[in-house]
Structure formats: C-alpha cells, structure tokens
Amino acid sequence: MPLVSRFSHSPARRRWLQGSAAALAAWGLPAAGQARTEGGAPVTVAQVVDMSPNLQDVGRDFLVGAQAAWQSVNAQGGVQGRQVRHLPIVTDGSPQGLQGAWQRVESSNCVMLSGCVGDAATRALSELQAQSPAGTRLAQVAPWVQAEAAHAPGSHVFGIFPGYQEQMAHALKTLATVGVRDMGVAFAGAPQRAQALETVQRAATALGLQLHLLPTPGQAASAAERRAEQTQALILFIGGTPELHAFARRLPVQPGTHRYIVALADVNLQVLAQLGGMPRHSSVIATQAVPLLTSTLGVVRAYRQALARYFDEPPSPQGLAGFVSARYAAAVLSGLRAEPTRANVLQALRERTDSDIDGFMVRCAGSERRSGYVTQTMLAADGRIIG
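Below you will find a few notes about this structure. Please read these numbers as outputs of a predicted model, since none were measured by experiment. (Residues numbered from 1 in each chain as written. Predicted model: local features only at pLDDT ≥ 70, side-chain atom pairs only at ≥ 80, totals over all residues. Heavy atoms only, no water.)

**Considerations on the packing of aromatic side chains**
Here the structure, examined in full by the defined rule, presents 6 aromatic pairs. On the numbers, 5.9 Å between centres and 45 degrees between planes, the contact of Phe360 with Tyr373 is tilted. With Phe360 in strand β12 (residues 360-362) and Tyr373 in the loop between β14 (368-369) and β15 (375-379), the pair connects residues that are 13 residues apart, well separated along the chain. Counting every residue linked through ring pairs, the aromatic cluster contains Phe62, Trp144 and Phe161. (Phe/Tyr/Trp six-rings, centres within 6.5 Å; stacked < 30°, edge-to-face > 60°. Helix = DSSP H or I, 4+ residues; strand = E, 2+ residues; numbered from the N terminus.)

**What to know about the pattern of salt bridges**
Inspection of every chain in the model, using the stated rule, returns 8 salt bridges. One salt bridge connects Arg363 with Asp354, and the closest N-O pair in it is separated by 3.5 Å. On the basis of relative accessibility, which here comes to 34%, the residue Asp354 falls in the partly exposed class. Taken together, the shared-partner salt bridges in this structure form one network comprising Arg60, Asp61 and Glu313. (Salt bridge = Lys/Arg side-chain N within 4 Å of Asp/Glu carboxyl O. Buried < 20%, exposed > 50% of the residue type's maximum accessible area, 1.4 Å probe, protein only.)

**Some remarks on the sheet that holds strand β3 (residues 112-114)**
Read from one edge to the other, the open sheet built from 5 strands follows the order β2-β1-β3-β4-β5, with strand pairing classed as parallel. For this open sheet the edge positions go to β2 (84-91) and β5 (157-158), each flanked by a neighbour on one side alone. Inspection of the sheet shows strand β1 (residues 43-50) paired to β2 by 8 bridges, in the parallel sense. Bridging across to β2, Asp50 finds its partner in Thr91. Here helix α3 (residues 95-107) sits on the sheet in contact with β1, β2 and β3, set at roughly 165 degrees to β2. (Pairing = 2+ DSSP bridges. Contact = heavy atoms within 4.5 Å. Axes fitted to C-alpha atoms, helices over the stretch in contact; angles between N-to-C directions.)

**Section: unusual backbone geometry**
One non-glycine residue, Gln80, lies in the positive phi region at around 50 degrees. Here Gln80 is to be found in the loop between α2 (56-75) and β2. The partly exposed category is assigned to Gln80, whose relative accessible area is 38%. We note that Asn109 has phi near 60 degrees; this positive angle belongs to a residue other than glycine. You can see Asn109 is positioned in the loop between α3 and β3.

**Section: the state of the cysteines**
For the coordinates displayed, the defined rule picks out 0 disulfides. In this model Cys110 remains outside any disulfide bridge; the closest cysteine sulfur is found in Cys116, 9.0 Å from its own. (Disulfide = S-S within 2.5 Å.)

**A look at the packing of α3 against helix α4 (residues 119-131)**
Look at α3 against α4: their axes get within 10 Å of each other, and the N-to-C directions meet at 60 degrees. Our classification of the angle between α3 and α4 gives oblique. The interaxial crossing formed by α3 with α4 has right-handed handedness. Facing Leu98, Gln99 and Trp102 of α3, the residues of α4 in contact are Ala120, Ala121, Ala124, Leu125, Leu128 and Gln129. A breakdown of the residues in the contact of α3 with α4 according to their chemical character gives 7 nonpolar, 2 polar and no charged. (Parallel < 35°, antiparallel > 145°, perpendicular 65-115°, else oblique. Left-handed = near helix turned anticlockwise from the far one by under 90°. Nonpolar A, V, L, I, M, F, W, Y, C, P; charged D, E, K, R; others polar.)

**Some details on the side chain of Arg352**
If you trace the backbone, Arg352 turns up in the loop between α12 (342-350) and β11 (355-357). Those residues in contact with Arg352 that lie beyond four places of it in its chain are Phe158, Gly159, Ile160, Tyr328, Cys364, Ala365, Gly366, Ser367, Glu368 and Arg369.

So this is what it looks like as structure tokens:
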C-alpha cells in the first residue's frame, strides 16, 4: 500500500497522529515488520521513533528506510536463517509517550533497539532501562542522534553516524579552506542553543573562525545579535526543516547580497524544496551523514531498489540513513556466533570492529565509533538540489 505523500503541502504534514499504531496505519506501514516463520521463531528488533514536531520529517523518512531494509533482509532469507520481526514504536517525545514506548519494548522480547530516532528519545530509553529491574541490558544500535557525546563509550548506545561536532567541523572546515574567517550562527530555539552552542564554539575555535550569534526565537536579542542578523552573509543554522524554512523567510534582505545558510543532517532538502524552497537571496548547504543519493555505492543502489519495490516514496538522505542503520543491525545479528539474545548481541557490539555495509564503511573499536561519513548538498535559490 502506498504511503501518504511526503510532499503534502497541507499543515497536517506537521500534525500527524502521534499514537504508534494509528501513525503507522496512516502511512500504510504495518505495526510490525512482516516476518514468515520458517527456519525458526522470528527475531524481534524494536525501533522507537520520536515524532515530536521538530523531528517528524526526519523520523518518518528514517523509519521508511529502515522498514524497506528489513523487508529486503527478510526477502533474502533473514538473519541466520530466521526472519526478523521489525517492531516500530512511534512516540510524541513526551515523558509519558517515552515511558509507554519503553513498556512496549520491555514486553516485546526484542533482542535490540535498532535505529531509534532523536537525542531525547535515545537518552530517555537509556535512563528508563537503567531504572528497570536488573536483567540483561538492551543494546541501542545505530540510533539517529546529534549530541553523540552524551552517550559515552561503555554505555549501551552503539552509534554509526557522526553527530553535531563532526558535521560542524566538516562544514566549517570547508568554509575555512576558501578563506572564510567569520560567520553567523542561528538556532531554531532555546533548547537547540543550550544543547549545541558550546560544541559550535569549540569547532569554530579549532578552525580559527569567529562566530557571531543571531537572535534566538523566544529570547531577547542583544544589539550584537541584531547586527549579525543584518550583516552576516554566511550563517550556520542548528535546527530542523520547518524551523529553517521559517528562519530563511524572516531573515532580512540586503540588496545586492546573497546569503548562504549551512545546515546539518536533520534538515531534509527535498522537504524544504516542497515547502517552497528558499528566498531568492538565500541558498542552503546541508551536511549529510550518508553518501549522496546519486552515489554508485552498493548500499545506495540497494536502498533505491528497495524503496521502489516496497514503497511509493522518493529517496532522501534521512531515508538512506534509516536503511543503513537497519542493514548494520542485520549485519550484527548475522555475525553472531551464538543464539540471537540480548546478552549475545550486547557482547558482540562491545567487541565490534570495522564493518562494510555494501561500500558504506562503519569504523569502530568496540563501543567507540572511530570515524564518520560526512558530505554536503546544496539547495540553490532556484530550487535545484546540487550534490
């Protein structure tokens, strides 16, 4: 069944149903991955997706990509001859919603959490797990998180994607190499500013860049922030797609000046283009934590083929990230030398080494991820997406 169009211009796009079963049914997604039973009992893998307003676009595409991957894995025989039951759990990001999501996880007999979306959700699941009765701990594999430093090596979170710091370092280094020495920085709101300001400043200092803060919505602006909003031609933006769209439209226009906004991997340029794109005086350069959609890498081809086969959906970087996360989780399960249990999965991840996911390299040493893939794409003022 085709999914609801992700290019809907209706305001309802940002107000989808938050209940897990209702949300998945609205998209044409089953509440659990379809797994046949031959070859032994299916292996259950749960995925908690935060669909709070600032993550809906990312979460939806990431979930579709993961669903496509698990269906492909099952079509090719599953893992160790057993099918995978993919259990997506959608939450609104509230404490009550996350508590309910954790209760479903605990009762599911899943062997891992794979591809959870959102820093707050990933952190809350770790905290709820620590508060639960003693027992075998559950690994969180390949989550979509930006504040990666909050999950220290030795925790039960095993990342594969670069967080804010690496993405910012890549974007700022690119600018520094072409002679840029100062730039503005804007945040979608106070929470993003509190979370990321120190990391942004640290990355800028390392590259010899001078940052100028722009006004933050909901906070009183200083004279320096208002001046930066008027004058900075290069601006680093921290936030999601709808917030970036609103920011670009309220940015003052300076005659004869073109502004470039650098965004991070939470921004979906395809959705931004469908929301109306950028004003004529602005372009967006967005980092990506996965290869370009035009890449010839095997994992990109596999993603596009699976998406075309199972869903009536155009590809997106966030969807590709969801596909990669599930394929990585499948590789972990396939590589087990024992029964797929929570304890065995956790032990395997603590001993993990480099993995090649059809050309996408995940470089790790146990719990620690040693490097991350970052590239960039631009949405030009004329609506073209340039990789």
